[in-house]
Each structure stands twice: as structure tokens, then as C-alpha cells.
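# Observations on the three-dimensional arrangement
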Amino acid sequence: SLVARLKENMEKLMEERDQYSSSENREKEQNKRLQRQIRDIKEEMCELAKKEAEASRKKHELEMDIESLEAGNQSLQADLKLAFKRIGDLQAAIEDEMESDDNEDLINRYIKLTSSFGAS
């Protein structure tokens, strides 16, 4: 009976050992999967960090372009205002010249008329 109990205990211990071994193998496999997932996540994080850096660089470049375009736009608007002022001044000068030409024509006609009345 002692040998039978020892055999029984030994079988139980062997079953437990097999269960532990199976459990250990499952844990090793799960550990490998988790390590693979960690590695994949780290790689993904590196890729995302690169993309973020690239996006940040592009954002900075675009902000610089915007600043440059805004400065150019302000310069062009100032040039346009100056051009409109010059156009206005030129139009006023032309109108003044036309008015003085009209006045000279009227004066010349008056002189001709008065001289023709005086001559008669």
C-alpha cells in the first residue's frame, strides 16, 4: 500500500510537472508575443516621432512662407497705394492743364473779339 501511495503521489507530481511545464510553455509563448508587440509598438513610436518631426518642420517652413508672403503683400499694397496717389495727382495735373488751356482759348478768343471790335 505504501508503494501504491508513492506511485500515486509520483503520478500526481508528474502530472503537476507536466501542467507546470505546459503552463510555462504557454507563458513563454505569451511572453514572446508580448515582446514582439512591444517591439512593434516601439517601431511605430519611432515612425510617428519621425512623422511628427517632419510635420513640425513643414509647419515651420509654411509659417515662414506665410510671413514672407504677408510682408510681400504689405509691400505690394503700399506700392499700389502710391500708384493710385500718383494716378490721382496726374489726373489732377491733366485737368488743371486742360482748364488752363480752355482759359487760354477763351482769353485768346476774347482778345480776338475785342481787337476786332476795336479795329472796326
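The residue numbers shown here count from 1 along each chain, following its written sequence. Reporting of local features is limited, given that this is a predicted model, to residues whose pLDDT is at least 70; pairs of side-chain atoms are given and counted only at 80 or more, and all residues count toward the totals for whole chains, interfaces and linings. Hydrogens are left out, water is left out, and the side-chain values use all remaining heavy atoms of the structure.

### Structural notes on the overall build of the protein
Stated precisely, the cut-off is as follows: Secondary structure follows DSSP: runs of H or I at least 4 residues long count as helices, runs of E at least 2 residues long count as strands, and numbering of each begins at the N terminus. Three exposure classes are used, based on accessible area relative to the maximum for each residue type with a 1.4 Å probe and protein chains only: buried under 20%, partly exposed in between, and exposed over 50%.
Summing up its helical and strand segments, the protein has one helix and zero strands in all. A buried classification covers 0% of the 120 residues belonging to the protein.

### A word on the pattern of salt bridges
What counts is decided by this rule: Here a salt bridge means any side-chain nitrogen of Lys or Arg lying within 4 Å of a carboxyl oxygen belonging to Asp or Glu.
Overall, the coordinates contain seven salt bridges when judged by the stated rule. The shortest N-O distance in the salt bridge between glutamate 61 and arginine 57 comes to 2.3 Å. Of this pair, glutamate 61 and arginine 57 both sit in helix α1 (residues 2-119), four residues apart, which is roughly one turn of that helix. According to the relative accessible area criterion, arginine 57 is partly exposed, its value standing at 38%. With a shortest N-O distance of 3.1 Å, aspartate 89 and lysine 85 are connected by a salt bridge. Residue aspartate 89 and its partner lysine 85 are located together in helix α1, separated by four residues, close to a single helical turn. A residue is classified by how much of its surface remains accessible, and aspartate 89, at 43% relative accessible area, is partly exposed. What makes lysine 85 exposed here is its relative accessible area of 52%.

### Section: a negative patch on the surface
Note the following rule: Distance thresholds for patches are 9 Å for like charges and 5 Å for nonpolar side chains (Val, Leu, Ile, Met, Phe, Trp, Tyr), applied to residues having over 30% relative accessible area and no salt bridge. A 1.4 Å probe and the Shrake-Rupley method give the accessible areas. Residues count as covered only by the protein chains that appear here. Only four residue types enter the charge count: Lys and Arg as positive, Asp and Glu as negative, with His and the chain ends excluded. Charge positions are represented by NZ for Lys, CZ for Arg, CG for Asp and CD for Glu.
On the surface, a cluster of negative charge is made up of Glu8, Glu11, Glu15 and Glu16. Here glutamate 15 shows up in helix α1. The class of glutamate 15 is partly exposed, set by a relative accessible area of 49%.

### What to know about a nonpolar patch on the surface
Together, Leu80, Phe84 and Ile87 line one region of the surface with nonpolar side chains, adding up to about 310 Å² of accessible area. Among the structural elements, phenylalanine 84 can be located in helix α1. By relative accessible area, phenylalanine 84 is classed as exposed at 54%.

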